[in-house]
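Structural features, examined
One-letter residues, chain by chain:
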Amino acid sequence: MAFRLVIAEKPSMAQTIAAALGIKGKQDGYIEGGGYLISWCVGHLVQLAEAAAYGEQYKKWSFDSLPILPEEWQYAVDPDKGKQFKTIKELMHRADVSEVVNACDAGREGELIFRFVYEVAGCKKPMRRLWISSMEDGAIKAGFASLKDGRDYGALFASALCRAKADWLIGINATRLFSCLYGKTLNVGRVQTPTLKMLTDRDAAISHFQKEKYYHVRLDLSGADAASERISDKAEADALKGACEAGKAVCVSLTREKKTAAPPKLFDLTSLQRETNRIFGYTAKQTLDLAQSLYEKRLLTYPRTDSSFLFRFIIDLRLSCDRSCGNGFVICLYPYTVHASAKKVKKNRSFQRNRRLSVVRPVRFERMAFGVGAVLCEVFASQRLLKRRI
């Protein structure tokens, strides 16, 4: 019997996939059944090797050894995860495994995690890609029914590999350089250091801010108001004021426009991080961790994206509250009233009559005693904004 080996990014995701496919045969490091072997990577099983792997001269931090520019990149298995890597490698080389499915997150890092394991394990078997952004049973089954050719994602892997190598080159070389210069460990990163520079520049601008007096000349008209730009010179402002007082304001044209404001788009990761930081003071990492946890519990779509749109098939799944009450979270895509206990679901007839309902926009996360967070949902119905607290 030929098996299809599926590699997920985390154990929880592997279990979700197995449950969706009706597979229950738990083994040491994988799940077996129905023609599938489902295993997991536990995050980054394989990473770019440390500088010391390229020669004895790089074990000690010194000016003489810089810059470190590998001609042929080396990879290393995380020493704490060696057992799981060995399990996956053995599964990949089993004679009864016909192909390997990359079921890691549908994004750049997910592609990198799988490809590193695939290449270091020396696997040559056909590679398929499970590309889904929801962990609902229906989405998983639909994804397996339309698996992609893994080679189609070569450019995505190249992008992830470029990012990883750039982080390594800048982090390793710049950290060693500045640490040697100043005699203490100074961590330098490709993203971390420029971001820190932006923060320090902004902090310096605030600290050195000096108030400047300026003037506005305003016309107080019947039903309207007009104002000049900022004027720093008082004499110039007085002269403009005098000129206005001596003249007469005449309305030469009037344009009326009727505009319709559309509901805001769904969150992408950046806008969600910005909102949670503004309301709760969460760091970007805290928000990402919360969103990732909700995603793994099948309560959010894939969070590590800059997209603010959902696939049509996700909406068609009609996710409802009764599928996701386990940890006190509910993401409603359809007209439901959610009770405070988050255990009862009751259809709201007034909502049901309205055909203009759009998807729910999760607005914020809040720490609660029962789990990672709660979600404040906004439902746009007709001209009203209705809020339901979960």
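The coordinates are above.
Here's a quick rundown of the structure.

Considerations on the overall build of the protein
Secondary structure assignment for the protein yields 11 helices and 16 strands. Within the span of the protein, comprising 390 residues, buried residues form 41% of the whole. Long-range pairs, those at least 24 residues apart, make up 62% of the contacts in the protein with a sequence separation of at least 6. Accessible area of the protein: about 23,700 Å², with a carbon and sulfur share of 52%.

Brief notes about the pairing of strand β7 (residues 97–103)
Buried residues dominate β7, accounting for six of its seven residues. Pairing geometry for β7 and strand β8 (residues 127–129), over three bridges, is parallel. Of the residues in β8, the one forming a bridge with Val100 is Met127. Handedness of the crossover is the feature at issue here: the chain leaves β7, passes through helix α3 (residues 108–120), returns alongside β8, and the resulting connection is right-handed.

Quick word on the packing of aromatic side chains
On inspection of all chains with the given rule, the structure shows eight aromatic pairs. Feature note: the residues Tyr54, Trp73 and Trp168 constitute an aromatic cluster, connected by ring pairs. For Arg94, the ring lying beneath its charged end belongs to Phe3, and the centroid distance is 5.5 Å. Residue placement shows Arg129 over the ring face of Tyr153; its charged tip is 5.8 Å from the ring centre.

Details of the pattern of salt bridges
All told, the structure shown has 17 salt bridges when counted by the stated rule. Glu99 is the salt-bridge partner of Arg4, the closest N and O atoms lying 2.6 Å from each other. Of this pair, Arg4 sits in strand β1 (residues 3–8) while Glu99 is found in strand β7, placing the two residues 95 residues apart along the sequence. A salt bridge links Glu109 to Arg163; the nearest nitrogen and oxygen atoms lie 2.7 Å apart. With Glu109 in helix α3 and Arg163 in helix α5 (residues 154–182), the pair connects residues that are 54 residues apart, well separated along the chain. Overlapping salt bridges bring together Glu109, Arg163, Asp167 and Arg190 as one network.

Criteria and thresholds
Residues numbered from 1 in each chain as written. Predicted model: local features only at pLDDT ≥ 70, side-chain atom pairs only at ≥ 80, totals over all residues. Heavy atoms only, no water. Helix = DSSP H or I, 4+ residues; strand = E, 2+ residues; numbered from the N terminus. Buried < 20%, exposed > 50% of the residue type's maximum accessible area, 1.4 Å probe, protein only. Contact = heavy atoms within 4.5 Å. Areas by Shrake-Rupley, 256 points an atom, 1.4 Å probe, with all protein chains shown as cover. Pairing = 2+ DSSP bridges. Right-handed = clockwise from strand over helix to strand, strands pointing away. Phe/Tyr/Trp six-rings, centres within 6.5 Å; stacked < 30°, edge-to-face > 60°. Lys NZ or Arg CZ within 6 Å of the ring centre and 35° of its normal. Salt bridge = Lys/Arg side-chain N within 4 Å of Asp/Glu carboxyl O.

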